[in-house]
Every structure is written in C-alpha cells, then in structure tokens.
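Results of the structural survey
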Amino acid sequence: MQTLATDHQRFLKKINNQLFIILLLMVACFFTWSENVAITRAIKVVGRMGVMISSIMVYHRIISYGGVNSLVYKNIFSPVLYIAYLFLGFVSFSWSTNPGFSALQWFMTFQSFVFAYFFVKSLAILDVYFDDHSIRLYHLLGNTVFVLQLVFVIGMWTNPDVFFRLTDGGEEARLGGTLMNPNELGMLAGVGCACLIFDLYRFKNKAWTIIKVIIILYALYMTGSRSSLIGVLLIIFFHVNQTKRKTLKFGIIAAVMAIAPFAVYTVILKGGDQSRLEEIMSLTGRLPFWKALITEGLPREPLLGFGFMRIDYKEFFQSAHTYPGKMTHNTFMQALMNLGFIGFTIVLFQVFFTVKSILSAQKELKLMLIGILIPIIINSFTEFGIFGESNYGILFYQIIIFSIAFRNNNHLTRLQRIVLQKKRPDIMMQMEFKN
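Read on for an overview of the structure.

Criteria and cut-off values
- Residues numbered from 1 in each chain as written.
- Predicted model: local features only at pLDDT ≥ 70, side-chain atom pairs only at ≥ 80, totals over all residues.
- Heavy atoms only, no water.
- Phe/Tyr/Trp six-rings, centres within 6.5 Å; stacked < 30°, edge-to-face > 60°.
- Helix = DSSP H or I, 4+ residues; strand = E, 2+ residues; numbered from the N terminus.
- Buried < 20%, exposed > 50% of the residue type's maximum accessible area, 1.4 Å probe, protein only.
- Lys NZ or Arg CZ within 6 Å of the ring centre and 35° of its normal.
- Polar contact = N/O pair within 3.5 Å; in protein donor to acceptor, adjacent residues only side chain to side chain.
- Patch = residues over 30% accessible without salt bridge, like charges linked within 9 Å, V, L, I, M, F, W, Y side chains within 5 Å.
- Areas by Shrake-Rupley, 256 points an atom, 1.4 Å probe, with all protein chains shown as cover.
- Salt bridge = Lys/Arg side-chain N within 4 Å of Asp/Glu carboxyl O.
- Contact = heavy atoms within 4.5 Å.
- Expected span 1.5 Å × (residues − 1).

1. Considering the packing of aromatic side chains
Scanning the entire structure with this criterion turns up 36 aromatic pairs. Relative to phenylalanine 387, the ring of tyrosine 85 has its centre 5.0 Å away and its plane inclined at 80 degrees; by these criteria the two rings are edge-to-face. Of this pair, tyrosine 85 sits in helix 3 (residues 77–91) while phenylalanine 387 sits in the loop between helix 14 (363–380) and helix 15 (392–403), and the two are 302 residues apart along the sequence. Phenylalanine 387 matches tyrosine 85 in its accessibility class, with the two residues each being buried. With a centroid separation of 5.4 Å and an interplanar angle of 80 degrees, the aromatic rings of tyrosine 117 and phenylalanine 402 are classed as edge-to-face. Taken as a pair, tyrosine 117 in helix 4 (residues 99–129) and phenylalanine 402 in helix 15 lie far apart in primary sequence, 285 residues in all. By relative accessible area, which is 4% here, phenylalanine 402 ends up buried. The aromatic ring of phenylalanine 30 is capped on one face by arginine 48, whose charged end is 4.1 Å from the ring centroid.

Structure (structure tokens):
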C-alpha cells in the first residue's frame, strides 16, 4: 500500500506539471509575440490546437492510470445555453458580412471551449479518484498569471520599447506594448490575484505567495487599467469580508485604504488632469459610440445581427460623431450587434444561469469562481469580454462554466466496476467498505 501511495504521488506530480504547462501555453497563445502576422496566426491557431489536443491527452492519461468516466452533468442550462450561442454563431457564417473573419473567431473560441472542457474534467476526475491530491485550479491559474506577468515586469526594464505602449499622444506609457492590450493585461492580473489569495489560505509559508501577489499588483499598476484596479479592490474586499479573524481583516482594510487613494488618483483620475477627467466621464468615448451603435447600427440587422464578431457591413462602424471601431468595447453590446436580439437573449440567460449555479456551489468553489468572475465581468463592460473577439477572458469564463457543470455518479456500471477493479483495487475496497 505504501508503494502504491508513492506511485500515486509520483503520477500526481507529473499530472500537476503537465496541467500547469498546458494552461500556461494556452493563455500565452493569446498574446501577440511577433509582429509577423503569419507567426502570430500560427501561434494563435496552430499553437492553441496543439495545446487543446494536449488537454485531451492528459485527461485520457488520468483515466488510463486510475479512473473511469463516471462524471455526469449538473447545472445543465449554463453549458447548454453556451453551446446554443456557439451554434448560432456557427450558423451566422451564412449571413456574416465577413464569413472568413467570423469563422476564424468562432474556431478560436471553440478551441478554448474544448480545452476548458477536458481541462476541468481532468481536475474533476482527480477529485473523485485521488481525493487526497493537492492539485487546485486556483494554484495552476495563479501561477500561470504570475509567470506571464513576471515576463512583462522583466521586459519593461530590459526592453521598454516592446513592453510599453504609448497612449494619449505619447504622454502615458502603459505596460502591454505590442504584445497585449493594457486593459486585458490588467484583467489577467486581477484573475491572478483572485487565485493566489487561496494559496494564502492554504499554505503555512505565505512569503512566496505574497511576493507573487506584489509583483502582479505592480504589473497591474503599470498597465494603468482603471477597470482592472477597481476589480482587484473588489476582490480584496470580497475576501476580507469572508474571514472571521478581526485582526487580519482590519489589517488588510487599513493597508488597502492607505494605498487605494494614491492608486485611484494616479490610475483612475490620471493625476487630476481636467481634460483626462472629462475623457473618463465619457468612458474614453465609449458612451457616444454605444449610443450610435444602438440608434444607427442595430436597426439595420436587429434580429440576427451582422454575423459572429461583426458589427457592421464594413470592417469598421463609424458614426458622424464617433471614432471608427471594429469591436464595441462591451461584450454584451458585441453579442447584440453580432447575433441580434436572438443572440443577446441567449447570452443574458446563459450568464444568469451561470451566476445562479456559482452561488449554489460549495463554499471554496463559490469563492474562487466569484473571484475569477469579478475582473472578467468588469472587463466585459469596457473591452473584449466573455462574448467578444477571441481573448483569454473567454477561456476563463468557459473554465467557470465547466467548473459548475460536473458531478460524480456514485452508481458505476458493471463494466466500469470491472475496469476500476483492474486499475484501482484500493478504490474498489473503499467503495465496498462504505457500502
């Protein structure tokens, strides 16, 4: 039995490393690592395809080693409505104003959907057949974010021309450069903080985790992302509210209250510049753009929209009083323009059932998923978001969907019992003892 336990630990360590590597590669494939269009497309399409196949292989490796596919579905409306959204997006190729672009965006979204399915299913199988394992989604995702943010923090000092993006006529330098939209990079930082907070709960030695969080927060500050800063503050207060240790709660609140005014003044209010404050009130021009979309664009194709990830007959939508835009900077507005009121209704119900399922989950899972959801939902109101053009916010949302979609069926079939008896006699002994 001791040898068996040692073998299991060796196997679990290998699986943990594999899951971390494929998650890191999957998220990294959303970045624009090269200015060469062909290389970028190869990374984003071919690279993600390879990582998706790897997630399937890891899942089957777990099953082959010591488990059976005994998972069944729960909270079915969330994944089913998301599949309905994908199906409508696929059908929309027939009326899309640019079928090639719609197909490419749909294919990349479908890739991450399949990846999320097998990635989360692997974790669920481990929970069932290796109940003492230490592999956690928040640890994998938190470390993934840390590694990527560390690359940018190092890059901003070693190669600022690549890792910084000049905005507002060159007056402001924001971390992200040509590799990633600063607001999207800020959202990634928020997700990383939400996940690593759970390592603070779990590990006795908290120093290394605190260092990771500080580096991520530093990267967030350098992105200058207002929405992401708000998201992180909400996550911190959300977790502080959960703890029953009053000393810890007051200590964290005091630290946040000391730092928050400086962060809000420099990041959100941009140093009190009057012209920048006026820009903020219009959400940097988004409000008039959204108004024009609703009043001028939507009436042209109200029911089924312009096709998956399309917002006009031309490449860019532009009103007489707005800037030209290829996407709406609001994921729900994007769904409305892409797939009309029919697609928008599917999206609203899908989000409703997802949130409803999260709130009914067990405590640790609920806290983790809410923490991840906060930054990606905030990002969804100002950037690509969970129903926009391909980005890692979509991947995180798909992971959330499947995290509340599986449960174990305790009643195995005869064939499953035979297979499990050969692979894991220790599990079968436990099951017989319980019965």
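The rest of the description comes next.
2. Notes on the environment of serine 94
Along the polypeptide, serine 94 turns up in the loop between helix 3 and helix 4. Residue class for serine 94 comes out exposed when judged on its relative accessible area of 63%. A sequence separation of 213 residues divides serine 94 from glycine 307, and the C-alpha atoms of the two residues are 8.1 Å apart. Among the polar contacts made by the side chain of serine 94, one reaches the main-chain carbonyl oxygen of valine 91 at a distance of 2.8 Å.

3. Topic: a nonpolar patch on the surface
There is a patch of nonpolar side chains on the surface, built from Tyr73, Ile76, Phe77 and Val80 and spanning about 380 Å² of accessible area. By the element assignment, valine 80 lies in helix 3.

4. Quick notes on the pattern of salt bridges
Scanning all chains against the criterion turns up five salt bridges. Each of Arg300, Asp312 and Lys314 takes part in one network of salt bridges that share partners.

5. Structural notes on the side chain of serine 112
Inspection of the secondary structure assignment puts serine 112 in helix 4. A polar atom in the side chain of serine 112 sits 2.9 Å from the backbone oxygen of threonine 109. Leaving out residues up to four positions away in the same chain, serine 112 has contacts with Met26, Ile394, Leu395 and Gln398.

6. Here we look at helix 3
Here helix 3 contains 15 residues, and its C-alpha end-to-end distance of 21 Å stays within 8% of the 21 Å for a straight helix at 1.5 Å per residue. Buried within helix 3 are the following residues: Ser78, Pro79, Leu81, Tyr82, Tyr85, Leu86, Leu88 and Gly89. In the core, the buried residues of helix 3 are packed alongside helix 4, helix 13 (331–359) and helix 15.

Worth remembering: the numbers are spatial, not functional.
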